[in-house]
Amino acid sequence: MAHGKLSVMEGSMAIAQAVRMCRPAVISAYPITPQTHIIEFLAQMVANGELDAEYIRADSEFSAASILAGASATGVRTYTASSSQGLLLMTEVIYYLAGTRLPVVFTGANRQVTAPIGLQPDHQDTMSLRDAGIIELYVEDVQEAYDTHIQAFKIAEDHDILLPVMVCMDGFVLTHVYEPVKTFDQADVDAFLPPYEPIHYLTPEKPMVFGSGTDDVNTMEFHYMNHQAVLRAGDKIEAVAREFESAFGHYRGGLIDTYATEDAEVILVAMGSVIGTLREAVDVLRCEDVKVGLVKVRSYRPFPAEALRQAISHAGVVAVLDRALSFGYQGILATDVKTALYDAQQRPQVLGLMAGYGGREVNLDTVREIVKRAQRALDMGHVPQETEFIGLKTETLPQVGAR
Amino acid sequence: MEKNVLSKYDEMLFTPGHRACPGCGASIAVRAILAATGPDVIVVSPTGCVETFTAQYPYSPWGVPWLHVLFENAAAVASGVEAALKKRGLADKVKVIIIGGDGGTHDIGLGALSGMMERGHNVTYICYDNEAYMNTGVQRSSATPLGASTMTSPAGLKSWGKEQPKKNLPAIMLAHSIPYVATASIAFPKDLTRKVKQALSIQGPKYIEVHSPCPIGWGFEAAQTIAIAKLAVQTGLVPLYEAYQDQPLKVRKLSKRVPVTEYLRPQKRFRHLFTGQDDQAHLALIQAIADDNIARYGLGE
């Protein structure tokens, strides 16, 4: 097994180092906080000759993604990072990349979406891309972010998959934090991740067209193949995570990760950096004899419905902490968890909570409050109909209809 | 077409059987362009007429690798193709060109185009200019000329068609300090092919705008495409030139001057200027553009 070297570094530097080890041929990027450090570090690596890549400073995120569409179609490994409005500006291209099966790897450094404009980490930006036909993986700390970027290329470029993969990591909390990270030697990463071998690419030796139009006779088949590829990625994500474990000794979950769930009456379900806080909180609450457990959703698309059913069906109440909202309905992860449970033999109640939304802090007290609400639901035998917004300052809200 | 324009590659790089309308100027442009490029080229097209009539799965007339991504990003896509070719060691062997319409070039794709020009990619951007959004059914673009009636700039009691002159995109491209900008017309395919070859011989970003009449959008007989294209040049409304950063403008002089009315009258998009009494006031504004071009570019003998 590869030994690696442990050192303390900024999250963005860890990502840049992981990407460098993956030897992308073309990187294109546009500055937006909080992903900017990643592309700055990569620019410096190219400038220093430590990374032999074409680095294209695009005129917008939209162009950055478009540049990678062209590069990927020409048969090379590609990478970019963005956040918030930048990801939304890329959206049109991201759908194309998925539909054309171009395995671009993205870092989605999560940040709230305007309006109001702000820098807080929530998942509204990347989760709004869930239906684009791509793979989305959410990581909980810097080490997992480092590991997952290396895994992402392997998943994306698999000939049975060929899809864009977005590694989603909370802005600032993960991009700007300094944590101990174990990085690995180039030779070990090369052994894990071979060079990209495209099946289809642009070359005069064998002319091909990319991006044809289709009609009612063919369109559904293209979407079906895209859908099947995302579904197939489920096994691949798990397999690559296990392969990574054999090579590097780290396993942080494939599709999901579970913590103290076996006998839990209340199970918390969440994604991203809040998982670290929740693990600590579970430890504390377990000391107080509260039967609480935790499930991390690592793969959001494909959505691990079966793995989730197995992990949470036995609980009394499942509390979903959401950092993205479908306005006019409910938290987006909560919707997906409820849908997954509908087919379960045994169906726990699901408490949908907006927690950490807009960057609002989630700490031990917040988790105590959430678990208290879950226990109340357990006692009452039902959960509130309305999505609860944890920490909402109701006293600052205008009274509707007061005038 | 003039003699000897078509190369040995004709009907191999761009085959018959595509879905262009009868008399399509853009399809004539594509043939003349590929005669210049030969097979060692990758073509990027934005959404538009050429994309629509050449790429309906599972058919393709393209004998060269061809890539369509979206409407507004052809220049960015081509930048990525060029970068990947560099990494694959093919940058010297394989040329990258864009063939895009005026909507995707002058309007929605202008940001990406400016970005590609500023970054200096070795790509030749060729705009087939049919002066409106023809693929979606004739709506005005910023390349639509003054006075033209389109579905979104219709002539009416209070309108005489598009109220703004055509955007001078070649001048905007020149302002990016790129090494070569040219204008061409499908009426002069030999000249067009030569200009494409010239562009391909120069390192860096190049821009060529090819005036490509559209029988359906402009309202003339399909057999008249070349004749209309020639009249546009002869009036001075479409000056043909090559611009280098360090040399005087090279222009195609006009052997005879034709009044703009001869060009405008056969086209339905201008017929509101000729119903009843000729609309002299507005025709004079259009003639002034031609006169200004002739003086500005030195098109006279």
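The residue numbering used here restarts from 1 in each chain and proceeds along that chain's sequence as written. Numbering of ligands from 1 and lettering of chains from A proceed in the order in which they are written. In view of the model being predicted, local features appear only for residues whose pLDDT reaches at least 70, and side-chain atom pairs are presented and counted only at 80 or more, with totals across whole chains, interfaces and linings using the full set of residues.

Description of the overall build of chain A
Here is step 1: Under the DSSP-based scheme used, a helix requires at least four consecutive residues in state H or I and a strand at least two consecutive residues in state E, with every element numbered from the N terminus. Along its length, chain A carries 12 helices and 16 strands.
Here is step 2: Put simply, the radius of gyration uses C-alpha atoms, and a globule should come to 2.2 Å times the residue count raised to 0.38. Taking 403 residues into account, the globule formula puts the C-alpha radius of gyration at 22 Å, and chain A, at 21 Å, falls close to it.
Here is step 3: The principal-axis extents of the C-alpha atoms in chain A amount to approximately 70 × 55 × 45 Å.
Here is step 4: The contact criterion used here is simple: two residues whose C-beta atoms, placed from the backbone, lie within 7 Å are in contact. Restricting the contact set of chain A to residue pairs at least 6 apart, pairs at least 24 apart contribute 79%.

Some remarks on the overall build of chain B
Here is step 1: When helices and strands are tallied, chain B shows 11 helices and 10 strands.
Here is step 2: Taking 301 residues into account, the globule formula puts the C-alpha radius of gyration at 19 Å, and chain B, at 18 Å, falls close to it.
Here is step 3: Counting only C-alpha atoms and orienting by the principal axes, one finds that chain B spans roughly 65 × 45 × 40 Å.
Here is step 4: Burial status across chain B gives 53% buried among its 301 residues. Exposure in this text rests on C-beta crowding, where 20 or more other C-beta atoms within 10 Å of a residue's own make it buried, 12 or fewer make it exposed, and counts in between make it partly exposed. The C-beta atoms are placed from the backbone.

Here we look at the nonpolar core
Here is step 1: Among the nonpolar cores identified, the biggest contains 226 residues, and Leu163(A), Val165(A), Val318(A), Ala319(A), Val320(A), Val81(B) and Ile126(B) are the most heavily contacted of them.
Here is step 2: Domain delimitation in this document rests on an assignment produced automatically or drawn from a domain database. The residue makeup of this core includes at least three contributed by each of domain 1 (5–248) and domain 2 (256–394) of chain A.
Here is step 3: Discounting chain neighbours no more than four positions away, the residues touching Ile126(B) are Ile33(B), Ile97(B), Ile98(B), Ile99(B), Val196(B), Ile208(B) and Val210(B). What we call a nonpolar core is a set of buried Ala, Val, Leu, Ile, Met, Phe, Trp, Tyr and Cys residues whose membership is set by joining through C-beta atoms within 7 Å.

A short note on the sheet that holds strand 10 (residues 250–251) of chain B
Here is step 1: Judged by pairing direction, the sheet is mixed, and its nine strands sit side by side in the order 9(A)-2(B)-1(B)-3(B)-4(B)-8(B)-7(B)-9(B)-10(B) without closing on themselves. Of all strands in the sheet, those bounded by a partner on one side alone are strand 9 (209–210) of chain A together with strand 10 of chain B.
Here is step 2: Working convention: axes come from line fits to C-alpha atoms, limited for helices to the stretch in contact. Angles between N-to-C directions cover 0 to 180 degrees. Contacting strand 3 (95–101), strand 4 (124–129), strand 7 (180–185), strand 8 (206–211) and strand 9 (241–243) of chain B, helix 7 (residues 189–200) of chain B crosses the sheet at an angle of about 165 degrees to strand 7 of chain B. Criterion used throughout: strands pair if DSSP finds at least two bridges between them.

Quick notes on the pairing of strand 7 (residues 165–170) of chain A
All names here are of chain A.
Here is step 1: Extensive coverage of strand 7 is indicated by the burial of six of its six residues.
Here is step 2: Burial of strand 7 is two-sided: the residues Val165, Val167 and Met169 facing one way and the residues Met166, Cys168 and Asp170 facing the other way are all buried.
Here is step 3: Pairing geometry for strand 5 (residues 105–110) and strand 7, over six bridges, is parallel. Bridge pairing in strand 7 places Ala109 opposite Met169.
Here is step 4: Two strands pair when backbone bridges link them, and strand 6 (residues 135–138) and strand 7 are joined in this way by four bridges, in the parallel orientation. Bridging from a neighbouring strand, Glu136 pairs with Met166 of strand 7.
Here is step 5: By definition, the crossover connecting two strands over a helix is right-handed if that path, from the first strand to the second, turns clockwise as seen with the strands pointing away from the viewer. A crossover links strand 6 with its parallel partner strand 7, the connecting element being helix 6 (residues 142–157), and its sense is right-handed.

Re the domain arrangement of chain A
Residues and elements named next belong to chain A.
Here is step 1: Its domain assignment divides chain A into domain 1 (5–248) and domain 2 (256–394).
Here is step 2: Computed over C-alpha atoms only, the centres of domain 1 and domain 2 are separated by 28 Å.
Here is step 3: Contacts between domain 1 and domain 2 engage 25 residues on the former and 20 residues on the latter.
Here is step 4: Contributions of two or more residues to the side of domain 1 that touches domain 2 are made by helix 5 (124–127), strand 6, strand 7 and helix 8 (219–248).
Here is step 5: With five residues, helix 8 is the largest single contributor of residues to the side of domain 1 that touches domain 2.
Here is step 6: Class assignment for the residues of the side of domain 1 that touches domain 2 results in 13 nonpolar, six polar and six charged. Under the scheme applied here, ten amino acids are nonpolar (Ala, Val, Leu, Ile, Met, Phe, Trp, Tyr, Cys and Pro), four are charged (Asp, Glu, Lys and Arg), and all others, including Gly, are polar.

A look at the interface of chain B and chain A
Here is step 1: Facing 38 residues of chain B, the contacting portion of chain A comprises 35 residues.
Here is step 2: Within the residue set of the side of chain B that touches chain A, elements represented by two or more residues are strand 1 (41–45), strand 2 (66–68), helix 3 (74–87) and helix 5 (110–119) of chain B.
Here is step 3: Ranked by residue count, the leading element in the side of chain B that touches chain A is helix 3 of chain B, at 11 residues.
Here is step 4: For the side of chain B that touches chain A, a count of residues per class yields 22 nonpolar, 11 polar and five charged.

Considerations on the sheet that holds strand 11 (residues 266–270) of chain A
Residues and elements named next belong to chain A.
Here is step 1: A sheet is described by the order of its strands in space; here six strands give the open sequence 10-12-11-14-15-16, paired in mixed fashion. Every other strand in the sheet has two partners, leaving strand 10 (256–259) and strand 16 (388–389) as the edge strands with one partner each.
Here is step 2: The sheet contact formed by strand 10 and strand 12 (residues 292–297) spans four bridges and is antiparallel. If you follow Thr258 over to strand 12, its bridge partner there is Val295.
Here is step 3: Where helix 9 (residues 274–287) meets the sheet, it contacts strand 10, strand 11, strand 12 and strand 14 (317–322), and its direction lies at approximately 165 degrees from that of strand 12.

Observations concerning the pairing of strand 2 (residues 26–29) of chain A
Residue and element names in this part refer to chain A.
Here is step 1: Covered by surrounding structure in strand 2 are Val26 and Ser28 together with Ile27 and Ala29, the residues of both alternating faces.
Here is step 2: Alignment of strand 2 against strand 3 (residues 54–57), held across four bridges, turns out to be parallel. Looking at strand 3, one finds that Val26 is bridged to Glu54.
Here is step 3: Relative to strand 4 (residues 78–82), strand 2 is paired through two bridges, and the arrangement is parallel. Pairing of Ile27 across the sheet is with Tyr79, part of strand 4.

Here's the deal with unusual backbone geometry
A negative phi holds for most residues other than glycine; trans holds for most peptide bonds.
Here is step 1: Across the junction of Thr33(A) and Pro34(A), the peptide omega takes the value 5 degrees, indicating a cis bond.
Here is step 2: Tracing the sequence through the fold places Pro34(A) in the loop between strand 2 and helix 2 (36–47).
Here is step 3: Cis peptide bonds are those with omega within 30 degrees of zero, and the linkage from Ala115(A) to Pro116(A) qualifies with 0 degrees.
Here is step 4: Positive phi, normally seen in glycine, also occurs at Arg101(A), with a value near 65 degrees.
Here is step 5: Within the secondary structure layout, Arg101(A) lies in the loop between helix 4 (84–99) and strand 5.
Here is step 6: Unlike most non-glycine residues, Ser177(B) shows phi in positive territory, near 60 degrees.
Here is step 7: For Ser177(B), the position within the fold is in the loop between helix 6 (169–174) and strand 7.
Here is step 8: Taking the C-beta count within 10 Å as the criterion, Ser177(B) has 12 such neighbours and is therefore assigned exposed.

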